[in-house]
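# Overview (structure and organization)
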Amino acid sequence: MIRVEGLSKSVGADRVPVLRDIQFDMQQGEMIGVVGSSGSGKSMLLKCLAMMEKWDSGRFTVDGAEIIKEGWSGKRKIKREWAYLEQNPQLYPRRTALKNVLIGRSGQTPLWRMVTGMVRSDDYMGAMDYLEGLGLLDKAHQTAEKLSGGEKQRVAIARALAHGAKVVLADEPVIGLDPHTADTVLETLRKLCEEERATVIAVLPIEMAEKHATRIWGLAGGKIAFDIRGRRLTQQEKNMI
Ligand SMILES: Nc1ncnc2c1ncn2[C@@H]1O[C@H](COP(=O)(O)OP(=O)(O)OP(=O)(O)O)[C@@H](O)[C@H]1O
């Protein structure tokens, strides 16, 4: 179980508050869609959960471990077990999509494997399965530099999944995708939550969150304005964000 209590974050010399007293509990297998207007704090929330931004205050508990209190080792647990997918994913440009999935993120893959490029055949099959599930089978052997932004995002998702991320934090994973591909990507993520008990927190457009998320957080002014089961938002809820 994941619990966040009183997460607050401010930025700049003036200490402008960006996140205010964020609070939630989360179970494995949930797919959470984060919605909210520009500047409401969606990206910052994901970065704080990924431990890429320092928390001003708050308590962060993951499977009984106190992440903030544990300092370096808490941060390491998150970096190892969780995947953060930024808007512009970092891939090795000269390597193929498949190789990018196989060799993983830097810091996560043994150096010998990155240097030699050696992989096991079951890893290969797994990587191809994820690429297929994300509609990228025909791009598996294309170098990353020749992929579109949306394709790179999907390679980054496949890479996170192939390396067994327990929690995937995805900042706008379907931006720039046509509606059909966006549906395919989100269906794959949702299936993963259901079948492998992975947990996904993704910043999504409202209609995609309504369609695919099991739970929706509406952010406004750095606060969770509503926290509901995945369904169509009411007009009142839309007015809150
Ligand atoms: N490093 C920073 N320095 C100063 N202000 C920042 C910094 N990072 C974020 N902010 C501010 O914090 C607020 C929240 O930013 P955040 O990127 O989380 O918004 P968002 O909801 O993801 O927006 P968008 O939908 O436009 O991506 C914004 O007003 C932004 O300008």
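Described below are features of the structure shown in this document. Only a predicted model underlies this, so the values are computations on that prediction, with no experimental measurement involved.

### Concerning the overall build of the protein
Counting its secondary structure elements, the protein contains nine helices and 10 strands. Taking 2.2 N^0.38 as the reference for a compact globule, 241 residues should give roughly 18 Å; the C-alpha atoms of the protein span a radius of gyration of 18 Å, in line with that estimate. Along the first, second and third principal axes, the C-alpha set of the protein runs to 50 × 40 × 35 Å. Counting every position in the protein, which comprises 241 residues, the buried fraction comes to 48%. The long-range fraction of contacts in the protein, counting pairs at least 24 apart against all pairs at least 6 apart in sequence, stands at 64%. When the accessible surface of the protein is summed, it comes to about 12000 Å², and 49% of that surface belongs to carbon and sulfur atoms. Where the 36 positive side-chain charges of the protein centre and where its 31 negative ones centre are 4 Å apart.

### Let's talk about the site of the ligand
Residues in close proximity to the ligand include Val11, Val18, Ser37, Ser38, Gly39, Ser40, Gly41, Lys42, Ser43, Met44 and Glu172, which together make up its full environment. In this structure, Ser40 approaches the ligand through a main-chain N or O atom, which is 3.1 Å from an oxygen atom. Backbone polar atom of Gly41 to an oxygen atom of the ligand: 3.0 Å apart, as the coordinates give it. Taking 640 Å² as the accessible area of the ligand by itself, protein coverage stands at 54%. Broken down by element, the shell around the ligand gets its largest block of residues, three residues, from helix H1 (residues 42-49). Of the residues that constitute the shell around the ligand, the class distribution is three nonpolar, six polar and two charged.

### Comments concerning the pattern of salt bridges
Scanning the entire structure with this criterion turns up 14 salt bridges. For Glu30, the salt bridge goes to Arg215, with nearest N and O atoms at 3.1 Å. Here Glu30, found in the loop between strand E2 (16-26) and strand E3 (31-36), pairs with Arg215, found in strand E9 (residues 215-220); they are 185 residues apart in sequence, far enough to count as distant. Residue Glu30 is classed as buried on the basis of its relative accessible area of 15%. Close ionic contact of Lys166 with Glu81 constitutes a salt bridge, the shortest N to O distance being 3.4 Å.

### Focus: the environment of Gly230
Checked against the element boundaries, Gly230 lands in the loop between strand E10 (223-229) and helix H9 (235-240). Each C-alpha atom of the pair Gly230 and Leu91 lies 32 Å from the other, and the pair is 139 residues apart in sequence. Setting aside its immediate chain neighbours within four residues, Gly230 contacts Ala213, Thr214, Arg215 and Ile216.

Scoring rules and cut-offs
Residues numbered from 1 in each chain as written. Predicted model: local features only at pLDDT ≥ 70, side-chain atom pairs only at ≥ 80, totals over all residues. Heavy atoms only, no water. Helix = DSSP H or I, 4+ residues; strand = E, 2+ residues; numbered from the N terminus. Rg over C-alpha atoms; globule rule 2.2 N^0.38 Å. Buried < 20%, exposed > 50% of the residue type's maximum accessible area, 1.4 Å probe, protein only. Contact = heavy atoms within 4.5 Å. Areas by Shrake-Rupley, 256 points an atom, 1.4 Å probe, with all protein chains shown as cover. Lys, Arg positive; Asp, Glu negative; His and termini not counted. Charge placed at Lys NZ, Arg CZ, Asp CG, Glu CD. Near = heavy atom within 4 Å. Polar contact = N/O pair within 3.5 Å; in protein donor to acceptor, adjacent residues only side chain to side chain. Nonpolar A, V, L, I, M, F, W, Y, C, P; charged D, E, K, R; others polar. Salt bridge = Lys/Arg side-chain N within 4 Å of Asp/Glu carboxyl O.

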